[in-house]
Amino acid sequence: MKLLIVEDDLLTAEVVRDSIDWSRLGIHETGMVHHAAGAKKLFEEEAPDVVICDIEMPKESGLDLLKWVRTENYDSEFIFLTNHENFHFVSQALEYTAISYITKPLNIEKIEMAVLKAVEKVNLKNRLHEYSEYGQYWLENKKLILEKFWRDLLFAKIPQDPSSIEYEMNKRNLVLDLKGQYRLILVSVIKSDHQGSSWDDATFEYILTKMSSEVILGELDSENAIYDVTNRNHYVNVIMMGTVTDEEIKEKCEEFIVTCKKFLKCTVACYISGRTTLQSLADSRKKLEEMDRDNFTLRSKVFSEGNTEMLNFTGQYTLDIDVLREMFERGEKLKIVNFLKNELELLVAKNSLDSSTMYSIHQDFMQIVYAFLYKKEIQAHKLFSDHLSKQLNQSANNSVFDMMKWVHFISTRTLDYAEEVKKSESIIDKAKQFIFEHYMDDISRNDVAASVFLTPEYFAKLFKAETGIVIKDFINNCRIERAKDLLINSDTSISMIASQVGFDSISYFSTVFKKLTGVSPQVFRKEAGK
């Protein structure tokens, strides 16, 4: 804390400065000037916390200095020293919030008590300022703090027992009814259902959350609407007090579904939990999400927890593998897609399509595709190793739309490539191109076969039948042709050329080179005039 002594009498100033142990009072820096102008200059550099000031000074008095200090919004505490006990001076000093008024002759004890009082007041103001800043921080961040609490509670990051929840509430300075009843509404949008809109995921998240808050909770930006996302869904978890009736909640959810259809152009399903406690909110969320995972058919509806009429199971569904296998053999892409489409629509009409059925259809269809490719000696894991194939396969179980998109893609790619394999010239051309681009690397028959998605044995037969030579010889031919060019047109050493064209041994390079050209690399270069 900083103290400034403003006194035109040098001796008086020094007595005040040297007679008190300032550090004991919390003062760690003292300054001294002899007129108001000098004090103003110091204020502009760094305002002192406490000022001991004479009233009667040349040009500008101590009261003039105090008025200037307050006009400039400095908050220093003033202690006045004067030779005269004048009521006018006292009243003016008090008007501008001076803390003490001490008459001369100097009384060091009174000055010390006045400074101590000023220091305590400065400390109090500092603490109040800190509390005010904390209060402002709390007001500005209350929403984020409460949102984080709800998220931690919903996803079981807070232990689900009353004492742990109460501890977290106290730590975050939250006031919630620990023993009260709550309701959870799960808003669900399947991702593929909004992909045709002009919004990216971040914008859609923002709009969906705000609309959930406004329509369901009646607040434009409530901290009780918590967004979440999975591979399949956009979710908003809306938390309400349990005093709201089922009819009121359902009515708000129905209004929300209509609003989303109108403005977001997407289909929404809403799930309402029973009355629950804070410690059971995470379990309620899991149950509602399980209901949603099984709901492929009844979107744009409101469901209550434990609704047993959502699905009408009539027994385990089995895909007709034989029919699909024949369609693949005949290359009937359109029939395959229509067959799956009709099967899924029939399940939807019967209200019998759940997550396990979708998974079963997905796996059975993959089995048919892999068996077909195996028979054609096409490597399925290579054919479907690209990002798009993986993405569509991962999303296939999300919805009927995603399943049909995946079926169309995989059927088309499978049959198109099987047809291309029949035209062996195009496959061999692709393989040759791969060799031309990679002969300098350590490639083998397996690498070349993988580049065209065929099994090594089948591809080797196909390549030999079309070209008349084995793959290894074709690769070496490419390497030697490049080596010949380098021997003629560069001064690169023979050992370096051998490495550049894909040989890891100069002796093996020389053996292959002589076998294919009739002379050694050294002789070839010499005869070429290099």
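Preceding this paragraph is the structure being described.
Here, residues in each chain are numbered from 1, in the same order as that chain's written sequence. Given that the model is predicted, a residue must reach a pLDDT of at least 70 before its local features are reported, and side-chain atom pairs must reach 80 or more before they are shown or counted; all residues, however, enter totals for whole chains, interfaces and linings. Only hydrogens and water are removed before side-chain values are computed, so all heavy atoms of the structure are retained for them.

(A) Representation of the side chain of N233 within the structure. Examined against the element boundaries, N233 turns out to sit in strand β8 (residues 233-241). Polar contacts, as counted here, are pairs of nitrogen or oxygen atoms within 3.5 Å of one another; within protein the pair requires one atom able to donate a hydrogen and one able to accept it, and residues that are adjacent in sequence qualify only if both atoms are side-chain atoms. At a separation of 2.8 Å, a polar atom in the side chain of N233 contacts the side chain of S188. Helix numbering and strand numbering both begin at the N terminus, where a helix is a DSSP run of H or I of at least 4 residues and a strand a DSSP run of E of at least 2.

(B) Region of the structure containing the nonpolar core. Of all hydrophobic cores here, the largest spans 55 residues; its most connected members are L324, L340, F365, W406, V448 and F459. Any two residues whose heavy atoms approach within 4.5 Å at even a single point are treated as in contact. In this structure L324 touches L319, I336, F339, L340, F365 and I368, once residues within four positions along its chain are discounted. By nonpolar core is meant a set of buried Ala, Val, Leu, Ile, Met, Phe, Trp, Tyr and Cys residues that side-chain atoms within 4.5 Å join together. Think of it in three bands: residues with accessible area under 20% of the maximum for their type are buried, residues over 50% are exposed, and the middle band is partly exposed, with areas taken using a 1.4 Å probe on protein chains only. Core analysis: the next-biggest nonpolar cluster, separate from the first, contains 27 residues, V187, L217, V238 and C253 among them.

(C) Geometry of the pattern of salt bridges. When a carboxyl oxygen of Asp or Glu lies within 4 Å of a side-chain nitrogen of Lys or Arg, that pair is called a salt bridge. Applying the stated criterion to the full structure yields 32 salt bridges. The residue E77 makes a salt bridge to K125 at a minimum N-O spacing of 2.7 Å. Of this pair, E77 sits in strand β4 (residues 77-82) while K125 is found in helix α5 (residues 108-154), placing the two residues 48 residues apart along the sequence. Two residues, K333 and D416, come together in a salt bridge whose shortest N-O distance is 2.8 Å. You can see K333 sitting in helix α11 (residues 333-349) and its partner D416 sitting in helix α15 (residues 400-422), a full 83 residues away along the chain. By relative accessible area, which is 30% here, K333 ends up partly exposed. Each of the salt bridges in this network shares a partner with another, and the network as a whole consists of K148, D152, E168, K171 and R172.

(D) Quick look at the sheet that holds strand β1 (residues 2-6). One bridge is not enough; two strands pair if DSSP finds at least two bridges between them. One open sheet accounts for five strands, arranged β2-β1-β3-β4-β5; its pairing is parallel. Both edges of this open sheet fall to β2 (29-33) and β5 (100-103), since each of them pairs with a single strand only. Within the sheet, the average angular offset between the axes of one strand and its neighbour, ignoring direction, is 15°. Strand direction decides the pairing type here: β1 and β2, joined by five bridges, are parallel. Every angle, taken between N-to-C directions, lies between 0 and 180 degrees, and every axis is a line fitted to C-alpha atoms, over only the stretch in contact when it is a helix.

(E) Summary view of unusual backbone geometry. Its identity as a non-glycine residue notwithstanding, K59 has a phi of 65°, on the positive side. Relative to the assigned elements, K59 resides in the loop between β3 (50-54) and α3 (62-71).

(F) Examining the packing of helix α19 (residues 471-489) against helix α21 (residues 506-517) more closely. Running from amino to carboxyl end, α19 crosses α21 at an angle of 95°, the nearest separation of the two axes being 10 Å. Classified by the angle between their axes, α19 and α21 sit roughly perpendicular to one another. Listed contacts from α21 to K472, N476, N477, I480, A483, K484 and L487 of α19 are Y508, F509, V512, F513, L516 and T517. Each residue is assigned to one class: nonpolar for Ala, Val, Leu, Ile, Met, Phe, Trp, Tyr, Cys and Pro, charged for Asp, Glu, Lys and Arg, and polar for all the others, Gly among them. The residue inventory of the contact of α19 with α21, partitioned by class, reads eight nonpolar, three polar and two charged. The labels follow the angle: roughly parallel below 35 degrees, roughly antiparallel above 145, roughly perpendicular from 65 to 115, and oblique for the rest.

(G) Spatial organisation of the side chain of S188. Assignment of secondary structure puts S188 in strand β6 (residues 182-190). Dropping the residues within four chain positions of it, S188 is found in contact with N233, H234, Y235, T267, V268, A269, Y271, D292 and R299.

(H) Structural detail: the sheet that holds strand β7 (residues 225-229). Strand order in the open sheet formed by five strands is β7-β8-β6-β9-β10, and the pairing between neighbours is mixed. Here the strands that pair on one side only, and so sit at the sheet edges, are β7 and β10 (302-304). Pairwise comparison of adjacent strand axes, ignoring direction, gives a mean angle of 20° for this sheet. As paired strands, β7 and β8 are joined by five bridges and run antiparallel to one another. Each bridged residue has a counterpart across the sheet, and for I226 the counterpart in β8 is N237. Helix α7 (residues 201-217) rests against β6, β7 and β8 of the sheet, and its axis sits at about 25° to β8. Against the sheet, helix α9 (residues 281-293) contacts β6, β7, β8, β9 (269-272) and β10, and its axis sits at roughly 35° relative to β6.

(I) Just a negative patch on the surface, in detail. Residues E247, E248, E251, E254 and E255 make up a contiguous surface patch of negative charge. For E248, the location among the structural elements is in helix α8 (residues 246-264). Residue E248 is classed as partly exposed on the basis of its relative accessible area of 39%. Patch membership is restricted to residues that have no salt bridge and whose relative accessible area is over 30%. Joining uses 9 Å for like charges and 5 Å for the nonpolar side chains Val, Leu, Ile, Met, Phe, Trp and Tyr. Computed by Shrake-Rupley with a 1.4 Å probe, the accessible areas treat only the displayed protein chains as cover when residues are assessed. For the purpose of charge, His is not counted, nor are the chain termini; Lys and Arg are scored as positive and Asp and Glu as negative. All charge positions are set by atom: Lys at NZ, Arg at CZ, Asp at CG, Glu at CD.

(J) Spotlight on the environment of S284. Locating S284 in the fold gives a position in helix α9. The exposure class assigned to S284 is buried, which follows from its relative accessible area of 6%. Remark: the alpha-carbon pair of S284 and S273, spanning 11 residues in sequence, is separated by 6.3 Å. If we ignore the near neighbours within four places in the chain, the residues touching S284 are L184, S273, T276 and E305.

(K) Broad picture of the packing of aromatic side chains. Centre distance within 6.5 Å is the pairing criterion for rings of Phe, Tyr and Trp, where only the six-membered ring of Trp is used; planes under 30 degrees apart are then read as stacked, over 60 as edge-to-face, and the remainder as tilted. The final tally for this structure, using the stated rule, is 18 aromatic pairs. On the basis of an interplanar angle of 40° and a centroid distance of 5.9 Å, the ring pair of F436 and F474 is categorised as tilted. Residue F436 is located in helix α16 (residues 424-438), and its partner F474 is located in helix α19; the two are separated by 38 residues in the primary sequence. The exposure class assigned to F436 is partly exposed, which follows from its relative accessible area of 42%. Among the aromatic residues, those joined into a ring-pair cluster are F503, Y508, F509, F513 and F524. As a reminder, the over-ring test applies to NZ of lysine and CZ of arginine, requiring each to be within 6 Å of the ring centre and within 35 degrees of the ring normal. The ring of F296 has R232 sitting right over it, with the charged end atom 4.9 Å from the ring centre. If you follow R479 out to its NZ or CZ, it ends over the ring of F503, 5.6 Å from the centre.

(L) View of helix α2 (residues 36-45). For α2, the full list of buried residues reads A36, G38, A39, K40 and F43. Buried-residue contacts for α2 involve β1, β2, β3, α3 and β4.

(M) Focus on the environment of M327. When you line up the elements, M327 lands in helix α10 (residues 321-329). Classification of M327 by relative accessible area gives buried; the value is 10%. Between the alpha carbons of M327 and T511 there is a distance of 52 Å; along the sequence they are 184 residues apart. Residues contacting M327, with those up to four places away along its chain left out, are E332, K335, I336 and F339.

(N) Structural view of the pairing of β3. Along β3, five of the five residues are buried, which leaves the element largely enclosed by surrounding structure. Of the two faces of β3, the one holding V50, I52 and D54 and the one holding V51 and C53 are both buried throughout. With four bridges joining them, β1 and β3 adopt parallel strand pairing. Each residue of the ladder has a partner; that of V6, found in β3, is C53. Where β3 meets β4, five bridges bridge the pair, whose relative direction is parallel. Looking across to β4, one finds that I52 is bridged to I79.

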